[in-house]
Amino acid sequence: MLKDYFILVRPHQWVKNLLLFLPAFFALRMDEVEVLVSVSFGVIAFSLLASSVYILNDYLDREQDAKHPTKKDRPLASGRIPRTGAFILMGSLAALGLLIFGLIDKYALYLVTGYVILNIPFYSYRLANIPIIDILSSL
């Protein structure tokens, strides 16, 4: 069961969040410990937030996924993870991610709050059904 929760948060997607290091790299500040620590916490926090959005998307798509030949084996579509467990995990990850960003910098918190606001109502509920936007948003 723990494996299903691990699959649900999609940690393999977190690697793309390493792109947050690019501004520090191009600003030639990768040798500053404070910058590296701050960006590292930002990567962790953003990964937690992204996972909470993945959980919401999987929850919203669970009935369609249950009919799909391969997606039917996803933790929510197959019923291996109960809705309550998914919602508790989703809320916990989102709260922790926002808390970390709040501790890093209030402007970073504003930025990722915008990310969450854009992803939940626009991507999860509407734009995910437009193929080109679905593909581009998953990059």
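Shown above is the structure to which this text applies.
Remember, predicted model here, so these are calculated numbers, not experimental data.

A.B. asks: Mind showing me how you'd approach the pattern of salt bridges here?
C.D. replies: Should the charged atoms of two oppositely charged side chains come close, the side chains can pair. Per the counting criterion, the structure on display carries seven salt bridges. A salt bridge links Arg-80 to Asp-4; its shortest N-O distance comes to 2.9 Å. Here Arg-80 is found in the loop between α4 (75-78) and α5 (83-104), whereas its partner Asp-4 is found in helix α1 (residues 2-8), with 76 residues between them in sequence. You can call Arg-80 partly exposed: its relative accessible area is 36%. Put simply, Arg-62 and Glu-63 hold a salt bridge, and the shortest N to O gap is 3.9 Å. By relative accessible area, which is 18% here, Arg-62 ends up buried. Each of Arg-10, Asp-58, Asp-65 and Arg-74 takes part in a single network of salt bridges with overlapping partners.

Thresholds, definitions, all that
- Residues numbered from 1 in each chain as written.
- Predicted model: local features only at pLDDT ≥ 70, side-chain atom pairs only at ≥ 80, totals over all residues.
- Heavy atoms only, no water.
- Salt bridge = Lys/Arg side-chain N within 4 Å of Asp/Glu carboxyl O.
- Helix = DSSP H or I, 4+ residues; strand = E, 2+ residues; numbered from the N terminus.
- Buried < 20%, exposed > 50% of the residue type's maximum accessible area, 1.4 Å probe, protein only.

Shape is all these values report; function is a separate question.
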